[in-house]
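Understanding the architecture of this molecule
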Amino acid sequence: MAKARFRANNKGIGAMLRSAKMEQEMISRARIIVSYAQADAPHESGEYAESFTIDSGQSSSPIQLGTGDRAWAKIRNDSPAAAPIEFGNRRVGEGKRILGRAIDQVSRE
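So, here's what we can say about the structure. (Residues numbered from 1 in each chain as written. Predicted model: local features only at pLDDT ≥ 70, side-chain atom pairs only at ≥ 80, totals over all residues. Heavy atoms only, no water.)

With that settled, consider the environment of Ser-107. Inspection of the secondary structure assignment puts Ser-107 in helix α5 (residues 98-108). Residues Ser-107 and Phe-87, 20 residues apart in the sequence, show an inter-C-alpha distance of 20 Å. A distance of 2.9 Å separates a polar atom in the side chain of Ser-107 from the backbone oxygen of Asp-104. (Helix = DSSP H or I, 4+ residues; strand = E, 2+ residues; numbered from the N terminus. Polar contact = N/O pair within 3.5 Å; in protein donor to acceptor, adjacent residues only side chain to side chain.)

Here you go:
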């Protein structure tokens, strides 16, 4: 019996990672995370839960988002309460890790 061989087509893999379909998939996954985060968010004023946005594009590095060779999506919350809710502080106490828990939930599915 012949051995199966795999030879990666790096140009093809790169094209897939840069494709509009990959960017749409990243956006789709970010939307799922946002929906979990909004459901778990405190709703006293509703501002935090409604302040999630998704940016997307291509970058060679997930740290330096710019033009590059990978599709990406980034979730952001512009509410002034976002950092205290997520990470905590002296006034609110321990952080609730809303986004962290949403990511954990999605990764378990």
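Next, the rest of the story.
Position of Glu-23 among the secondary structure elements: in helix α2 (residues 20-40). No salt bridge is formed by the buried Glu-23. Its closest oppositely charged neighbour is Arg-31, at 9.8 Å. Side-chain polar atoms of Glu-23 contact the backbone nitrogen of Gly-57, separated by 3.4 Å. Those residues within four positions of Glu-23 in sequence are excluded, and the remaining contacts are Ser-56, Gly-57, Ala-71 and Trp-72. (Buried < 20%, exposed > 50% of the residue type's maximum accessible area, 1.4 Å probe, protein only. Lys, Arg positive; Asp, Glu negative; His and termini not counted. Salt bridge = Lys/Arg side-chain N within 4 Å of Asp/Glu carboxyl O. Contact = heavy atoms within 4.5 Å.)

Its 21 residues place the ends of α2 30 Å apart at the C-alpha level, agreeing with the 30 Å of an ideal helix rising 1.5 Å per residue. Among the residues of α2, those classed as buried are Glu-23, Ile-27, Ala-30, Ile-33, Val-34 and Ala-37. For α2, the angular spread of buried residues about the axis comes to 125 degrees, placing them on one side. Residues Lys-21, Arg-31 and Ala-39 are exposed on α2 and point more than 90 degrees away from its buried face. On its buried face, α2 is in contact with β1 (52-58), β2 (71-77) and α5. (Expected span 1.5 Å × (residues − 1). Arc of directions from axis to C-beta.)

Under the defined criterion, the tally for this structure stands at five salt bridges. In this structure, the salt-bridge partner of Arg-101 is Asp-40, at a minimum N-O distance of 2.3 Å. A residue pair is termed long-range when its members are at least 10 positions apart, and Arg-101 in helix α5 and Asp-40 in helix α2 qualify at 61 residues. On the accessibility criterion, Arg-101 (36% relative accessible area) is partly exposed.

So yeah, pure geometry; function would need other evidence.
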